[in-house]
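Each chain is listed here by its residues.
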Amino acid sequence: MTPMTSSSRSARPPLNRRLAEFGTTIFAEMSALAVRTGSINLGQGFPDTDGPEEVREAAVRALRDGRGNQYPPGPGVPELRTAVAAHQERRYGLTYDPDTEVLVTAGATEAIAAALLGLLEPGDEVVALEPYYDSYAACIAMAGGRRVPVTLRPGDGSFRLDLDELRDAVTDRTRLLLINTPHNPTGTVLTREELTAIAELAVERDLLVVTDEVYEHLVFDDAEHLPLATFPGMRERTVTIGSAGKSFSFTGWKVGWVTSTPALVSAVRSAKQFLTYVSSGPFQYAVAEALALPDAYFAAFRADMLAKRDLLAAGLAEAGFEVFRTAGTYFITTDIRPLGESDGFAFCRALPERAGVVAIPNAVFYDHREAGAPFVRFAFCKQTEVLREAAKRLKAAL
């Protein structure tokens, strides 16, 4: 047997093979392109204005009062865990014990990572709805799992789930379903019928479910957000993920949470404690106050985003895109084929120079890249005048 030499060791790539396929995120690439070209950035999904002033002041007050400036409790400050439990009960009738069934995380991204790292063994299969947020694939890989995509397909102006395809994707090796509703990037909100079928499948096959519901307060028209944990048999097998960043427009604070059974929360916490350990101390107190805001705040927030959705959707249609209906989130997916284009990556990389606008190619969210090739995502969580200017530029250029 030939011994390994120092030269053969140095020939091994620095990045481990589980992450080798991912590289730099598309968000970093396109945001850098926006800065370099001075373009309007409708790619990365963050608001360009802060959330409620009273919530920001609550964070300042916590800082000045010395609350959270040192390590907060590992599960999160009691005030926030209590507020999360109260929010789930008030809005959905779900009761959780703040001490054993709520875990505060460094944003929803850490919640996803900790859930997958804590619940998966190497070789476990994870069925996820494609296209999916890019961290899903990376976190499944880091946990040693195998992702099995079920593709949402366009039809009648929106993207829909094929329930037969979902059922066929589940095998004896499937450990959990990774569900996202309202869905990023397509804007789909799963219906009661679809969620009922998912719940029945999970119970029948004894599957865990991790459900990303960070856009729960951004549903439009006749859509309704229905937490999967409210369905029969799902409270005891569902890990639900929420986010303050998406609901209150403070994405930089990185405050998320998990609600589930004591056993599942303990499993997630076992992984989370070795990731960030704790984070966002003073902001946790502020988010606790934010979750107690009256219903009028959430209604106004939704109405503002609805108006922005309609403004950008109209502008994109006038520019020549096929525009898919956004029932939830603050993203619009478009088809570029009416513009004579078919490669979303090439289109998005050329768009800043061409029109002074940045968007994201949906193909980056697919394992089946060809299925997402002609689709491009725009974010509308921006100031109204910014959206008007972006629409004007796109129409003039395209």
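Keep in mind the model is a prediction, meaning the values are calculated, not measured.

J.: Please clarify how the pattern of salt bridges should be interpreted in this entry.
T.: Note that side chains of opposite charge can pair when their charged atoms are close. This structure, assessed with the given rule, holds 27 salt bridges. The closest approach of N and O atoms between Glu289 and Arg61, which form a salt bridge, is 2.4 Å. Taken together, the positions of Glu289 in helix H11 (residues 281-291) and Arg61 in helix H3 (residues 53-65) put the pair 228 residues apart, joining distant regions of the chain. For Glu289, a relative accessible area of 36% gives the class partly exposed. Ionic pairing is found between Arg67 and Asp65, a salt bridge with its closest N-O pair at 3.7 Å. Because the salt bridges share partners, they merge into one network encompassing Asp221, Asp222, Arg309, Asp310 and Arg325.

J.: Would you mind showing me how to read the nonpolar core here?
T.: For soluble globular proteins, the rule of thumb is that nonpolar side chains tend to be buried together. Core analysis: the largest hydrophobic core is formed by 101 residues, its most contacted members being Leu80, Leu176, Leu178, Phe248 and Phe378. Those residues within four positions of Leu80 in sequence are excluded, and the remaining contacts are Val104, Val255, Gln284, Val287, Ala288 and Leu291. By size, the runner-up hydrophobic cluster in this structure holds 27 residues, among which are Ala169, Ile179, Leu201 and Phe375.

J.: I would appreciate a short explanation of the sheet that holds strand E3 (residues 125-130) in the present structure.
T.: Working definition: the strands of a sheet are paired by backbone hydrogen bonds and lie parallel or antiparallel to each other. In space, the 7 strands of this open sheet follow the order E2-E10-E9-E8-E7-E3-E4, with mixed pairing throughout. Either end of the sheet is taken by a strand with one partner, and the two such strands are strand E2 (102-105) and strand E4 (146-151). Ignoring strand direction, the axes of neighbouring strands in this sheet form an average angle of 20 degrees. The pairing of strand E9 (residues 238-243) with strand E10 (residues 256-259) spans 4 bridges and is antiparallel. In the sheet register, Ser243 faces E10, and the bridge partner there is Gly256. In this fold helix H5 (residues 107-119) packs onto E2, strand E7 (174-180), strand E8 (208-212), E9 and E10, with an angle of close to 160 degrees to the strand it touches most, E9.

Conventions and cut-offs
- Residues numbered from 1 in each chain as written.
- Predicted model: local features only at pLDDT ≥ 70, side-chain atom pairs only at ≥ 80, totals over all residues.
- Heavy atoms only, no water.
- Salt bridge = Lys/Arg side-chain N within 4 Å of Asp/Glu carboxyl O.
- Helix = DSSP H or I, 4+ residues; strand = E, 2+ residues; numbered from the N terminus.
- Buried < 20%, exposed > 50% of the residue type's maximum accessible area, 1.4 Å probe, protein only.
- Core = buried A, V, L, I, M, F, W, Y, C linked by side-chain atoms within 4.5 Å.
- Contact = heavy atoms within 4.5 Å.
- Pairing = 2+ DSSP bridges.
- Axes fitted to C-alpha atoms, helices over the stretch in contact; angles between N-to-C directions.

In short, shape yes, function no, at least from these values alone.
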